[in-house]
Amino acid sequence: MLPTLCPPLHITNLQTKYMGQISIDEVCSKWSIASSLLPKELVELLSFHNELSKEQCFVWDFNFYFEIRGISGPMAWFSPTEEFTNRFYTFASNNAYDRFAIWDDGNHQSLNQMSVMLIGDDGYVGVVAENILQFMQMMAAIPQTPSGRYTYLTDSAILEPVEWYLYESPPPMFEAYRDFLYRHFYALPLSNPTEATRLAFQKNQPLFLQWSKPYRDFEFSF
């Protein structure tokens, strides 16, 4: 069933303090890209974020967190070479200190067609979504955050994705987010975000492990 559309939110109607505004120019500067290359999905999501107050913006255990692409990014521990770290566009974090990044595998796709990776503070690196829109649909399924780490070894091909944990009840402004997602992209919440992550992981994680081999001098053992 399609979500019930709500009237667009207007900044003038909000009475509480706003979260920090994030501009397109700021993101493009940190990512060293032209504004024309920024995915429409992120442009619209930023607009949605910037319209909401601090209390209303707590839609998930999730915050925008754009980092400078390159050697200062979260993948520098994995390999310090800029050829490697420049392939990751960090756009979010959660309260568990995980980062979410778009991974450029070098196949000359647009940013909105690239995989979304979870980069854990414990060293976990795994695909969570096939692209940014699928990730946004996962967030619309009342998940909390992808978590639930599993040990995996690259050489033995024991690959395990993370799981999504669900809120017991929808957080504030959740329906507004669902309305936004349908209004701008005609996209609906995924019925099973954990299963979608599993499929994306099975499809793209082996590609990431193969692609990353030349950039690292170790094998995973966590």
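See the structure above.
Worth saying up front: this structure is predicted, and the values here are computed from it rather than measured.

This brings us to the nonpolar core. Counting residues in hydrophobic clusters, the biggest one holds 42 residues, and the most contacted among them are Trp-31, Phe-66, Phe-91, Phe-135 and Tyr-177. Core analysis: the next-biggest nonpolar cluster, separate from the first, contains 15 residues, Phe-84, Ala-101, Phe-208 and Trp-211 among them.

What follows covers the pattern of salt bridges. Overall, the coordinates contain 4 salt bridges when judged by the stated rule. Notably, a salt bridge pairs Lys-203 with Glu-130, separated by 3.1 Å at the nearest N-O pair. You can see Lys-203 sitting in helix 6 (residues 193-212) and its partner Glu-130 sitting in the loop between strand 5 (125-129) and helix 4 (132-139), a full 73 residues away along the chain. What makes Glu-130 partly exposed here is its relative accessible area of 28%. Between Glu-195 and Arg-198 there is a salt bridge, and its shortest N-O distance comes to 2.5 Å. Within this pair, Glu-195 and its partner Arg-198 are both found in helix 6, separated by 3 residues, close to a single helical turn. Take Glu-195: its relative accessible area is 31%, and that puts it in the partly exposed class.

What follows covers the packing of aromatic side chains. For the structure on display, the rule yields 19 aromatic pairs. Summarising the aromatic geometry, the rings of Tyr-177 and Phe-180 are spaced 5.9 Å apart at their centres and angled 35° between planes, so their arrangement reads as tilted. Taken together, the residues Tyr-177 and Phe-180, both in helix 5 (residues 174-185) and 3 residues apart, mark about one turn of the helix. Per residue, the accessibility class of Tyr-177 equals that of Phe-180, and both read buried. On the basis of an interplanar angle of 45° and a centroid distance of 5.2 Å, the ring pair of Trp-211 and Tyr-215 is categorised as tilted. For Trp-211, a relative accessible area of 16% gives the class buried. Within the aromatic cluster, the residues linked to one another by ring pairs are Phe-84, Phe-88, Trp-103, Phe-208, Trp-211 and Tyr-215.

A positive phi angle, near 55°, is found at Ser-32, a position not held by glycine. Residue position: Ser-32 is located in the loop between helix 1 (24-31) and helix 2 (40-51). With a phi angle near 50°, Tyr-186 is a residue other than glycine that sits in the positive phi range. Mapped onto the secondary structure, Tyr-186 falls in the loop between helix 5 and helix 6.

Turning to the pairing of strand 4 (residues 115-119), a few remarks are in order. Taken residue by residue, a regular strand's side chains alternate between the two faces of the sheet. Counting buried positions along strand 4 gives 5 out of 5 residues, so the element sits mostly inside the fold. Here strand 4 shows two buried faces, one formed by Ser-115, Met-117 and Ile-119 and the other by Val-116 and Leu-118. In this sheet, strand 4 lies alongside strand 3 (residues 99-103) in antiparallel orientation, the contact comprising 5 bridges. Counted as the bridge partner of Trp-103 is Ser-115 from strand 4. Sheet topology note: the strand 4/strand 5 ladder contains 4 bridges and is antiparallel. Residue pairing for strand 5: Leu-118 is matched across the bridge by Gly-126. Where strand 4 folds back onto strand 5 in an antiparallel hairpin, the turn is made up of 5 residues, including Gly-123, whose phi is positive at roughly 100°.

Attention now moves to the environment of Leu-38. As for its placement among the helices and strands, Leu-38 is situated in the loop between helix 1 and helix 2. It is 7.4 Å that separates the C-alpha atoms of Leu-38 and Cys-28, two residues lying 10 residues apart in sequence. Sequence-distant contacts of Leu-38, defined by excluding residues within four places in its chain, comprise Ile-24, Val-27, Cys-28, Trp-31, Ile-33 and Val-43.

Following the sequence through the fold, Glu-67 ends up in the loop between strand 1 (63-64) and helix 3 (82-85). Within the local environment of Glu-67, its side chain forms a polar contact with the side chain of Arg-99, the two groups lying 2.7 Å apart.

Rules used throughout
- Residues numbered from 1 in each chain as written.
- Predicted model: local features only at pLDDT ≥ 70, side-chain atom pairs only at ≥ 80, totals over all residues.
- Heavy atoms only, no water.
- Core = buried A, V, L, I, M, F, W, Y, C linked by side-chain atoms within 4.5 Å.
- Buried < 20%, exposed > 50% of the residue type's maximum accessible area, 1.4 Å probe, protein only.
- Salt bridge = Lys/Arg side-chain N within 4 Å of Asp/Glu carboxyl O.
- Helix = DSSP H or I, 4+ residues; strand = E, 2+ residues; numbered from the N terminus.
- Phe/Tyr/Trp six-rings, centres within 6.5 Å; stacked < 30°, edge-to-face > 60°.
- Pairing = 2+ DSSP bridges.
- Contact = heavy atoms within 4.5 Å.
- Polar contact = N/O pair within 3.5 Å; in protein donor to acceptor, adjacent residues only side chain to side chain.

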